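# Structural overview
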Amino acid sequence: MPKNCEFKLLLEVCCYQLRSQLIAALYTSRLIARPLQIVTDVARKITQESNFQLRVHVTSNDEIGTLATSLNQLVEWVGDYTQELKLARQSLEQRVEERTQELELARQSLEQRVEERTEELQKTLQDLKEAQGQLIQTEKMSSLGQMIAGIAHEINNPVNFIYGNIQCVNDYTEDLFSLVSLYQQEYPNCILLIEEKIEEIDLNFINEDLPRLLSSMKTGAERIREIVLSLRNFSRLDEADIKEVDIHEGIDNTLLILNHRLQPEIEVIKKYGNLPLVECYPAKLNQVFMNILSNAIDALLDQKADSTKSQQIIITTLNVDDIYIQVGIRDNGSGIPPEIKNKLFDPFFTTKPVGKGTGLGLSVCYQIIDKHKGKIEVISEFQEGTEFIIKLPIKTQTD
């Protein structure tokens, strides 16, 4: 019995020591594992969150404390380096943005300069075209004007001679016929030879027809004088400066010169208003009327095959107000297609066959009207006709 008691006591002591050792081992492992777990959790959290402000709060002087201190120092270094990289990245982004803005401003400036230069070149090219067209047309009109003035001058002298002497011839003829009549009254029974001669020349017919013949010659001479005067008024080479003129006179003179092209089927209708004298360059303005009326005649002649439609040119003038007058020239030709309407006043643009048109007429018209500080516009519907409307100031103020 005592031996059993001793054995139990010994067994209990062994169990107690074993439990104590197990408890001590467990406590020791926990003391070792817990700091390691803390270090591991902090390291994992730093990695996941990229939060380099976290630190391991382990202050022991053992290996785990050294590991924690090393980890904290590493995290601090990585944080500082990351901050430096962040600042460097921000600085680089800012420099890239600034450089991008500079490049964008440089690109915009370059594009603007290129656009401005292109516009300058286009304007210069347009000015050169207009100047070339103006020179060509001016030279043509100058040559035409000189020729017209020369012809008018050469015709004017003999016509004046004929016109001035017709009245004298008429007076002399009347005197001779009066003398013959008086002779017949005083000597009714003339000799046979004279009677035969009177019958041979048909004196009675001559007495009746010669005054009519002289009257016709006088009318023809007056007509020639009117044409010569119209030619001189149209050319107006001696009137280079601005002066007050009758617009209707310029239109009528132009129509007289174009009369040979106005075929019988073309009717010219004048609807003249009461216009004051207008300050202008007469020769240049006559050139405008000449070009527009010539184009109207061309449009009607091209449509000549359509015999069912009457061909008309209607010229309308009116006094708009105290500042402007208006001239409208309308034809009932085929009109202008919409796609070329905006090109009518461009230099060298023409729809006429090669050799028939230079494309300068309307361009020069636009420049002349613009020089007078006026406006010219075209109203046209395809197959309905075309109208050119010219607005001119009564008092022209030139540069």
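Residues numbered from 1 in each chain as written. Predicted model: local features only at pLDDT ≥ 70, side-chain atom pairs only at ≥ 80, totals over all residues. Heavy atoms only, no water.

A word on the overall build of the protein. Scanning the protein from N- to C-terminus turns up 8 helices and 7 strands. Every one of the 399 residues in the protein was classed for burial, and the buried ones make up 28%. Sequence separation of at least 24 residues holds for 71% of the intrachain contacts in the protein that already meet a minimum separation of 6. (Helix = DSSP H or I, 4+ residues; strand = E, 2+ residues; numbered from the N terminus. Buried < 20%, exposed > 50% of the residue type's maximum accessible area, 1.4 Å probe, protein only. Contact = heavy atoms within 4.5 Å.)

The next point concerns the confidence of the model for the protein. When the pLDDT values of the protein are averaged, the result is 77; 75% of them are 70 or greater. The least confident element of the protein is helix α1 (residues 2-49), whose mean pLDDT is 69; the most confident is strand β5 (residues 324-331), at 92. (pLDDT = per-residue confidence, 0-100.)

Attention now goes to the sheet that holds strand β4 (residues 311-319). Overall, mixed pairing links the 5 strands, which are arranged β2-β4-β5-β7-β6 in an open sheet. Across the chains shown, the open sheet's two edge strands, defined by having one partner strand only, are β2 (266-271) and β6 (375-381). Going across the sheet, the axis of each strand differs from the next one's by a mean of 15°, ignoring polarity. Summarising the sheet, β5 and strand β7 (residues 385-393) pair through 8 bridges and their orientation is antiparallel. Bridge pairing in β7 places I329 opposite F388. Docked against the sheet, helix α5 (residues 247-257) engages β2, β4 and β5, running at close to 165° with respect to β4. (Pairing = 2+ DSSP bridges. Axes fitted to C-alpha atoms, helices over the stretch in contact; angles between N-to-C directions.)

Take the pattern of salt bridges next. Within this structure, the stated rule accounts for 9 salt bridges. Put simply, K395 and E279 hold a salt bridge, and the shortest N to O gap is 3.9 Å. Placement of K395 in the segment after β7 and of E279 in strand β3 (residues 278-280) is noted, with a sequence separation of 116 residues between them. Residues joined by salt bridges that share partners form a network here, namely E104, R107 and E111. (Salt bridge = Lys/Arg side-chain N within 4 Å of Asp/Glu carboxyl O.)

Our focus in this paragraph is the nonpolar core. Counting 39 residues, the largest nonpolar core has I247, I292, I313 and I390 as the members making the most contacts within it. Every element with two or more residues in this core is listed here: α5, β3, α6 (282-302), β4, β5, α8 (361-371), β6 and β7. Ranked by the residues each element gives to this core, the list is headed by α6, at 9 residues. Once residues within four sequence positions are removed from consideration, I313 is found in contact with L262, I266, E267, V268, I269, L293, A296, I297, L300, I329 and R330. (Core = buried A, V, L, I, M, F, W, Y, C linked by side-chain atoms within 4.5 Å.)

Attention shifts here to the packing of aromatic side chains. All told, the structure shown has 0 aromatic pairs when counted by the stated rule. Over the ring of Y281 we find K371; its NZ or CZ atom is 4.6 Å from the centre of that ring. (Phe/Tyr/Trp six-rings, centres within 6.5 Å; stacked < 30°, edge-to-face > 60°. Lys NZ or Arg CZ within 6 Å of the ring centre and 35° of its normal.)

As a further point, take a nonpolar patch on the surface. A cluster of nonpolar side chains, contributed by L74, W77 and V78, occupies part of the molecular surface with about 300 Å² of accessible area. The topology assignment puts L74 in helix α2 (residues 63-186). On the basis of relative accessibility, which here comes to 46%, the residue L74 falls in the partly exposed class. (Patch = residues over 30% accessible without salt bridge, like charges linked within 9 Å, V, L, I, M, F, W, Y side chains within 5 Å. Areas by Shrake-Rupley, 256 points an atom, 1.4 Å probe, with all protein chains shown as cover.)

It is worth spelling out the environment of V378 at this point. Within the secondary structure, V378 sits in strand β6. Once the C-alpha coordinates of V378 and N342 are considered, the two residues, 36 residues apart in sequence, prove to be 9.4 Å apart.

Okay, the packing of α5 against α6 next. Between two packed helices, both the angle of their axes relative to each other and the distance between the axes serve to describe the pair. In contact at an axis separation of 9 Å, α5 and α6 are set at 50° when each is read in the N-to-C sense. Judged by the angle between their axes, α5 and α6 are oblique. In this structure, α5 meets α6 at a crossing whose hand is right-handed. Of the residues in α6, those touching α5 at I247, G250, I251, T254, L255 and I257 are L285, N286, F289, M290 and L293. Taken together, the residues that form the contact of α5 with α6 break down as 8 nonpolar, 3 polar and no charged. (Parallel < 35°, antiparallel > 145°, perpendicular 65-115°, else oblique. Left-handed = near helix turned anticlockwise from the far one by under 90°. Nonpolar A, V, L, I, M, F, W, Y, C, P; charged D, E, K, R; others polar.)

With that settled, the discussion passes to α5. Counted residue by residue, α5 has 8 buried out of 11 residues, so it is predominantly covered. Within the span of α5, buried status applies to I247, H248, G250, I251, N253, T254, L255 and I257.

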